[in-house]
Amino acid sequence: MNPGPGIVYTETVVWAPPEQFVNDAPYQMAIVTLADGHRLTGRIVPDSEGPRVAIGDRVEFVEERSGIPFFRKA
Amino acid sequence: MREVAVVGIGKTAFGAFADRDLRSLAVEAGEKCLADAHVKPSQVEEFFLGNFAGPSFVGQNHLAPYIAGAMGILGVPCTRFEAACASSGAAFYHAVASVAAGLNDVVLITGVEKMTSQTTPKVTEILAGAGDTCGEGRAGATFPALFAMIARRHMYQYGTTHEQMAMVAVKNHENGAKNPLAHMRKVITLEQALKGKPIADPLTVYDCSLISDGAAAVLIVPLERAAEFTDKPVKVLGIAQTSDQVALDEKADITTLSAVVAAAKKAYKMAGVTAADIQFAELHDCFTIAEIIATEDLGFCKKGEGGPYVASGKTRIDGEKPVNTSGGLKSKGHPVGATGTGQICDLVMQIRGDAGERQLAKHSLGLAENLGGSGATAVVTILGAA
């Protein structure tokens, strides 16, 4: 998967995760509007790898980790 | 099509009940409802059950005949409806259709959920199953996260503030504190709501509805037979169920619940009323932002003005259009499968004049909005004094 770059449509930082992600919290997720207009829900890289993002920020695709698309601020 | 009336209601308290199982809650609500309408189990001609996740929460399937049988309702159609948090709203919609079409006369609808036997992370995971588990769910979206992303976008597009969202929680707790059947009967301050434990930014624990156990039941009959059961029948004036995409990232505009817009349009038309005519409402405040958006999408205020609308005090119990005099999902509690029928019970109590210290002066025309998931199912019902 390589959805390419996009723009943050909306985002949140999750503090109360579902059971399978208890070790990841807090984590930021975002809905990203891609170049073709489609939207994709993914994660923003952990704080150790880059800054958090806000609506309107440009992001680039990093890689897929356990089936989850990860983005970071461009 | 025949006109339909609600002639009986029955609710359990909503709360965390370690000693109660799903079936006993559903049976209690159903029996209270039948007693309210002076109906014997043998008179019930059809049974509709609203339940979101009994199989996941308590490991029980085949729930409709399981509950009906325990009440002595046998030999009739018994069917479970699952539409996430709109499960019993959807069950009610289809029950009304059955009576309106003339298939059956005396129909019981019960909504139930038993949630508190699981840990919060497990409940969060089960609830996330009402979203797209291949997309947003795989990425780690919880329901608070989905509504947090809706809130962020609404704040960005319309300038809605977290303080306005917190005002929804403060208002609903003020009402719920006076509801003897509410889960969390306590008043909260704006400061408390703003400084609550973070769940999914910007939502704090005070922006989120409760994880609850509970059941609520409604009995409907053709309006022409209502006098056999009650001297205070309540008429179903308008009802509509609509749908939208399940995944948030597939919706055109996440600041609008388009299924609610569509359902409201149909229900208003069927009832022959407008948003301005509605005197009071029970809205689906699964999260505070959801009540703000619902007031916009139902036409109580203009798009984008839901924040200032709640801040104006118009939706307070002493305002011009009180919203969630029951305490809403925020304070009354949100046993998800019971929420739709619970809202119908709350409207009926107000219309009958039986709402105690929360009784409104203008209470002859009420609206309920029941939402499933992040808006993939919506049921809007308009009830009035018959």
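Here the structure is a predicted model, which means the values were calculated and not measured.

Along its length, chain A carries zero helices and five strands. In summary, chain A has a C-alpha radius of gyration of 12 Å against a globular reference of 11 Å for 74 residues, a match within 12%. Structurally, chain A occupies a C-alpha span of about 35 × 25 × 20 Å along its principal axes. In chain A, buried positions account for 41% of the 74 residues. Here the analysis covers contacts within chain A between residues at least 6 apart in sequence; of these, 47% occur between residues at least 24 apart.

Below, the discussion takes up the overall build of chain B. Check the secondary structure of chain B and you find 13 helices and eleven strands. Since a compact globule built from 386 residues should have a radius of gyration of about 21 Å, the 19 Å found for chain B is in line with a globular shape. If you line up chain B on its principal axes, its C-alpha atoms span 55 × 45 × 35 Å. Across the 386 residues that make up chain B, the buried fraction comes to 62%.

Residues and elements named next belong to chain B. The buried fraction of strand 2 (residues 46-50) is high, at five of five residues. Burial along strand 2 is two-sided: the face carrying E46, F48 and G50 and the face carrying F47 and L49 are both buried. Where strand 2 and strand 4 (residues 107-113) come together, five bridges link them in parallel fashion. By the bridge assignment, G50 is partnered in strand 4 with G111. Taken together, the four bridges between strand 2 and strand 3 (residues 78-81) define a ladder with parallel strand orientation. Residue pairing across strands places L49 opposite R80, the latter belonging to strand 3.

For the rest of this paragraph, the subject is the nonpolar core. Residues and elements named next belong to chain B. A5, V6, F147, V218, I220, V260 and V348 are the most contacted members of the largest nonpolar core, which has 153 residues in total. Of the residues forming this core, the biggest block, nine residues, is contributed by helix 6 (residues 143-158). The residues that make up this core include at least three from each of domain 1 (4-118 + 212-234) and domain 2 (131-207 + 236-385). Setting aside chain neighbours within four positions, we find V218 in contact with V6, I9, C33, F92, I109, T341, I344 and C345.

Facing 26 residues of chain A, the contacting portion of chain B comprises 26 residues. For the side of chain A that touches chain B, the leading source of residues is strand 1 (residues 6-14) of chain A, giving six residues.

For any two helices packed against each other, one specifies the crossing angle of their axes together with the interaxial distance. All names here are of chain B. One can describe the packing of helix 6 onto helix 10 (residues 288-297) by two numbers: an axis separation of 9 Å at closest approach and a directional angle of 55 degrees. Between helix 6 and helix 10, the interaxial angle falls into the category oblique. The way helix 6 lies across helix 10 gives a crossing that is left-handed. For the pair helix 6 and helix 10, contact is made by F147, I150, A151 and H154 and by I289, A290 and I293, respectively. Residue composition of the contact of helix 6 with helix 10, grouped by class: six nonpolar, one polar and no charged.

To continue, consider unusual backbone geometry. That bond from A:A25 to A:P26 is cis: its omega, -5 degrees, falls within 30 degrees of zero. As for its placement among the helices and strands, A:P26 is situated in the loop between strand 1 and strand 2 (27-34). Put simply, B:D201 and B:P202 share a cis peptide bond, and its omega is 5 degrees. Positive phi outside glycine occurs at B:H62, with the angle close to 55 degrees. Along the chain, B:H62 falls in the loop between helix 2 (54-57) and helix 3 (63-71). In the Ramachandran plot, B:N324 falls in the positive-phi region, its phi being about 60 degrees despite a non-glycine side chain. Taking the number of C-beta atoms within 10 Å as the measure of exposure, B:N324 has 26 and is therefore buried.

Residues and elements named next belong to chain B. Here strand 11 (residues 377-385) lies mainly inside the structure; eight of its nine residues are buried. Sheet analysis places strand 8 (residues 234-243) next to strand 11, joined by nine bridges and oriented antiparallel. When the sheet's bridge partners are listed, S243 is paired in strand 11 with T377. Pairing of strand 10 (residues 365-372) with strand 11, which is carried by eight bridges, proceeds in the antiparallel orientation. Opposite G372, over in strand 11, you have T377 as the bridge partner. As consecutive antiparallel partners, strand 10 and strand 11 are separated by four residues, and within that stretch G373 has a phi angle of approximately 65 degrees, a positive value.

Criteria and thresholds
Residues numbered from 1 in each chain as written. Chains lettered and ligands numbered in written order. Predicted model: local features only at pLDDT ≥ 70, side-chain atom pairs only at ≥ 80, totals over all residues. Helix = DSSP H or I, 4+ residues; strand = E, 2+ residues; numbered from the N terminus. Rg over C-alpha atoms; globule rule 2.2 N^0.38 Å. Buried ≥ 20, exposed ≤ 12 C-beta atoms within 10 Å, placed from the backbone. Contact = placed C-beta atoms within 7 Å. Pairing = 2+ DSSP bridges. Core = buried A, V, L, I, M, F, W, Y, C linked by C-beta atoms within 7 Å. Domains from an automatic or database assignment. Axes fitted to C-alpha atoms, helices over the stretch in contact; angles between N-to-C directions. Parallel < 35°, antiparallel > 145°, perpendicular 65-115°, else oblique. Left-handed = near helix turned anticlockwise from the far one by under 90°. Nonpolar A, V, L, I, M, F, W, Y, C, P; charged D, E, K, R; others polar.

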